[in-house]
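Structure at a glance
Single-letter residue listing:
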Amino acid sequence: MAQPTFSTHVGMVDILPDEVGKWQKLERIIHEEAKRFNFEEVRTPIMEQTELIARGVGQLTDIVSKEMFAFERGDDQYVLRPECTAPVARSFVEHHLDQRGGTQNLYYIGPMFRAEKPQKGRQRQFHQFGAEVIGADDPAADVDIIAFMMAIYDRVGISNTTLKINSVGDPESRKAYTEALKDYFRPNLDEMSEISKRRFEKNPLRILDSKEEEDQPFIEDAPVITDFLTEETAAHYEKVKSLLDSLEISYEEDPHLVRGLDYYTRTAFELISPDLGAQDALGGGGRYDLLIEEIGGRHTPAVGFAAGMERLLIACEELDIQLQEEEMLDVYIVTLGEDAREWGVQHLPKLRNAGLSASMDYIGRSMKAQMKDADRENARHTIIVGSHELNEGKFTLRNMKESEEEAYPFEEILNKLTT
Ligand code: AMP
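In this numbering scheme, every chain counts its residues from 1 along its sequence in written order. In keeping with the predicted nature of the model, local features appear solely for residues at pLDDT of at least 70, side-chain atom pairs appear and are counted solely at 80 or more, and the whole-chain, interface and lining totals rest on all residues. Excluded from the side-chain calculation are hydrogens and water; included are all heavy atoms of the structure.

- The name recorded for the protein chain in an unreviewed UniProt entry is Histidine--tRNA ligase, from Fodinibius halophilus.
- UniProt positions are given in the numbering used here, feature names are shortened, and annotations may be inferred rather than shown by experiment. Note on the protein chain: under the UniProt heading Catalytic activity (unreviewed entry), the record states "tRNA(His) + L-histidine + ATP = L-histidyl-tRNA(His) + AMP + diphosphate + H(+)".
- In its Subunit (unreviewed entry) section, the UniProt entry covering the protein chain states "Homodimer."

**Thoughts on the domain arrangement of the protein chain**
- When cut into domains, the protein chain gives domain 1 (17-170 + 230-318) and domain 2 (329-418).
- Boundaries of every domain are those given by an automatic assignment or by a domain database. Averaged C-alpha coordinates put domain 1 and domain 2 at centres separated by 48 Å.

**Observations regarding the packing of aromatic side chains**
- To pair, rings of Phe, Tyr and Trp, with the six-membered ring standing in for Trp, must have centres within 6.5 Å; the planes then decide the type, stacked if under 30 degrees apart, edge-to-face if over 60, and tilted in the middle. Applying the stated rule across the entire model yields nine aromatic pairs.
- Between Phe129 and Phe305, the ring centres sit 5.9 Å apart and the planes meet at 75°, which makes this aromatic pair edge-to-face. Placement of the pair is Phe129 in strand E6 (residues 125-134) and Phe305 in strand E11 (residues 302-308), with a sequence separation of 176 residues.
- Three or more aromatic residues joined by ring pairs make a cluster, and in this case those are Phe37, Phe39, Phe129, Phe148, Tyr153 and Phe305.
- Here, over-ring charges are defined by two tests on the NZ atom of lysine or the CZ atom of arginine: distance to the ring centre within 6 Å, and angle to the ring normal within 35 degrees. In this structure, Lys182 is placed above the aromatic ring of Phe200, and the distance from its NZ or CZ to the ring centre is 5.5 Å. To qualify as a helix, a DSSP run of H or I must reach at least 4 residues; to qualify as a strand, a run of E must reach at least 2; elements of each kind are numbered from the N terminus.

**Overview of helix H9 (residues 231-246)**
- In a regular helix each residue adds 1.5 Å, so 16 residues correspond to 22 Å; H9 covers 22 Å between its end C-alpha atoms and thus fits that length.
- For every residue, the accessible area obtained with a 1.4 Å probe (protein chains only) is divided by the maximum for its type, and the residue is called buried under 20%, exposed over 50%, and partly exposed between those limits. Taken residue by residue, H9 has Thr233, His236, Tyr237, Val240, Lys241 and Leu244 as its buried positions. Each buried residue of H9 sits inside an arc of 130° when the element is viewed along its axis, so together they form one side. The exposed set on the far side of H9, more than 90 degrees from its buried face, consists of Glu231, Glu232 and Ser246.
- Residues count as neighbours in contact if any of their non-hydrogen atoms are within 4.5 Å of one another. As for H9, its buried residues are in contact with helix H5 (139-156), strand E7 (162-167), strand E8 (252-253), strand E9 (265-272) and strand E10 (281-287). Expected span, for any helix, means 1.5 Å times one less than how many residues it has. This arc is built from the directions going out from the helix axis to the C-beta atoms.

**Regarding the nonpolar core**
- Of all hydrophobic cores here, the largest spans 61 residues; its most connected members are Phe185 and Leu312.
- Examining the composition of this core, we find that 12 residues originate from one element, H5, more than from any other.
- Residues contacting Phe185, with those up to four places away along its chain left out, are Met192, Phe200, Ile207, Leu208, Phe218, Ile219 and Ala222.
- Only buried residues count toward a nonpolar core, which is a set of Ala, Val, Leu, Ile, Met, Phe, Trp, Tyr and Cys residues joined through side-chain atoms within 4.5 Å. By size, the runner-up hydrophobic cluster in this structure holds 26 residues, among which are Cys84, Ala86, Tyr108 and Ile295.

**Focus: the pairing of E7**
- Taken together, the six bridges between E7 and E9 define a ladder with antiparallel strand orientation. Each residue of the ladder has a partner; that of Thr162, found in E9, is Ile272.
- A pair of strands is treated as paired once DSSP finds two or more bridges between them. Note that E7 and E8 share two bridges and pair parallel. Across the sheet, the residue bridging to Lys164 is Glu252, located in E8.

**What to know about the sheet that holds strand E1 (residues 40-41)**
- Read from one edge of the open sheet, eight strands run E1-E5-E6-E11-E10-E9-E7-E8, paired in mixed fashion. Two strands bound the open sheet, and with one partner strand each, they are E1 and E8.

**Overview of the environment of Ala140**
- In this fold, Ala140 is placed in helix H5.
- For Ala140 and His236, which are 96 residues apart along the polypeptide, the C-alpha to C-alpha distance reads 9.8 Å.

**Observations concerning helix H6 (residues 171-185)**
- When the terminal C-alpha atoms of H6 are compared, their 20 Å separation across 15 residues agrees well with the 21 Å that a helix rising 1.5 Å per residue should span.
- Taken together, the buried positions of H6 are Ser173, Tyr177, Thr178, Ala180, Leu181, Lys182 and Phe185.
- Next to the buried residues of H6 lie helix H7 (194-202) and helix H8 (216-220).

**Side note on the packing of helix H1 (residues 17-37) against helix H11 (residues 309-318)**
- Under this scheme, a helix contributes an axis fitted over its contacting stretch, all axes are lines through C-alpha atoms, and angles between N-to-C directions fall in the 0 to 180 degree range. Here H1 crosses H11 at 110°, and the two axes come no closer than 11 Å. Considering their axes alone, H1 and H11 lie roughly perpendicular with respect to each other. In this structure, H1 crosses over H11, and the sense of that crossing is right-handed. Across the interface between the two elements, Lys22, Trp23, Leu26, Glu27 and Ile30 of H1 pack against Met309, Glu310, Leu312, Leu313 and Glu317 of H11.
- Each residue gets one label: Ala, Val, Leu, Ile, Met, Phe, Trp, Tyr, Cys and Pro are nonpolar, Asp, Glu, Lys and Arg are charged, and the others, such as Gly, are polar. Across the contact of H1 with H11, the residue classes tally to six nonpolar, no polar and four charged. With respect to orientation, any angle under 35 degrees is reported as roughly parallel, any angle over 145 as roughly antiparallel, any angle of 65 to 115 as roughly perpendicular, and every other angle as oblique. Should the near helix be turned anticlockwise from the far one by less than a right angle, the crossing is left-handed, and should it be turned clockwise, the crossing is right-handed.

**Some points on the sheet that holds strand E15 (residues 395-399)**
- The strand order across the open sheet formed by five strands is E13-E12-E14-E15-E16, and the pairing between neighbours is mixed. In the strand order of this sheet, the two ends are held by strand E13 (358-360) and strand E16 (404-408), each with one partner. This sheet shows a mean twist of 25° between the axes of neighbouring strands, independent of strand direction.
- Taken together, the three bridges between strand E12 (residues 329-335) and E13 define a ladder with parallel strand orientation. Its bridge partner being in E13, Tyr332 is matched across the sheet by Ser359.
- Along the sheet face, helix H15 (residues 410-418) touches E12, strand E14 (379-385), E15 and E16 and points at about 20° away from the line of E15.

Rendered as structure tokens:
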């Protein structure tokens, strides 16, 4: 085949008609679970001011320092959103959503953009679903967020997962821990990776995220943050764990789980799947009590999660989970001749208005080709119309699965198909 003139940008893919069914099904599951958990959908623009993302996600993160798709227009600087927590927080502050009263339980579904090196499970445009509880610092909110996330995987049928949790502390415990980490890594720094050397100065916690071989022995024995938590934050973490126990949501504690984003405080969690290969995180999240203040709002504690839709679909494939429902067309009108085609054009709307999905041929194909097309479209029935049928006022209704057919007036066909 000839090489096409244009193609998608590297790391960005088309979701083609044959695949879109599973996306629609997944989106439906997310909307239904959101309803059960009493979350409301919010839709924010794809572009946000660069400064919001820089502050919200953190200047020192990989996302902000090297993965942003950035634009300038006049004096304004924008990026394609790399995640949706900062945009949702902006929307909350901008529209004074706190005035609606109570906590705001919000969820979103949509494309995100990060200029990462593409590989399986890692794209430059990918999709996330996620949720935020804004305005509550109670551990019950953390657990509700985790339960909502888990409920979606349960509905899909992905159960072979590990939920890892940790507490990344509050500013006070983080400060003490950062000092302890620096003291621990300092004598070994010469033997560690270049990335970790850089992180040592700017954000030593992120050394724990390192995937570099030479760092692993040092990371293994590093001090753990849970030993540095203030009394209040330690109690919060204990409560989260006991609530998870009582809801029978199993988890593993991972004292080195820090996650890539700077705005997390206290609870951090990640959902891992062994079916994903190198990119094994299905989703993750945590508490971000400082973010809303950071972007200009009042102090408002919040907790949320974000999960990758492509990775969920990869896990489905690996586990042989059929997310796609069989798409059926109710009726295909097969026409022979110009008059029959005219009849088809007149009667298609009648079928559709009765709530049926209906289609016909527009390019004058042979009857055989139209029957083949009806099969390809997975049609339950065909209505076969030729000059004989038009003269008789009776049209052949064929049940495609049973291979049975009989002629009826159109009104009777409509009746049969809708009752
Ligand atoms: P994060 O916002 O980095 O915590 O990401 C949350 C989830 O989004 C991850 O666990 C992945 O499932 C998914 N994700 C993040 N980055 C990508 C990417 N570049 N391509 C595909 N999925 C991604």
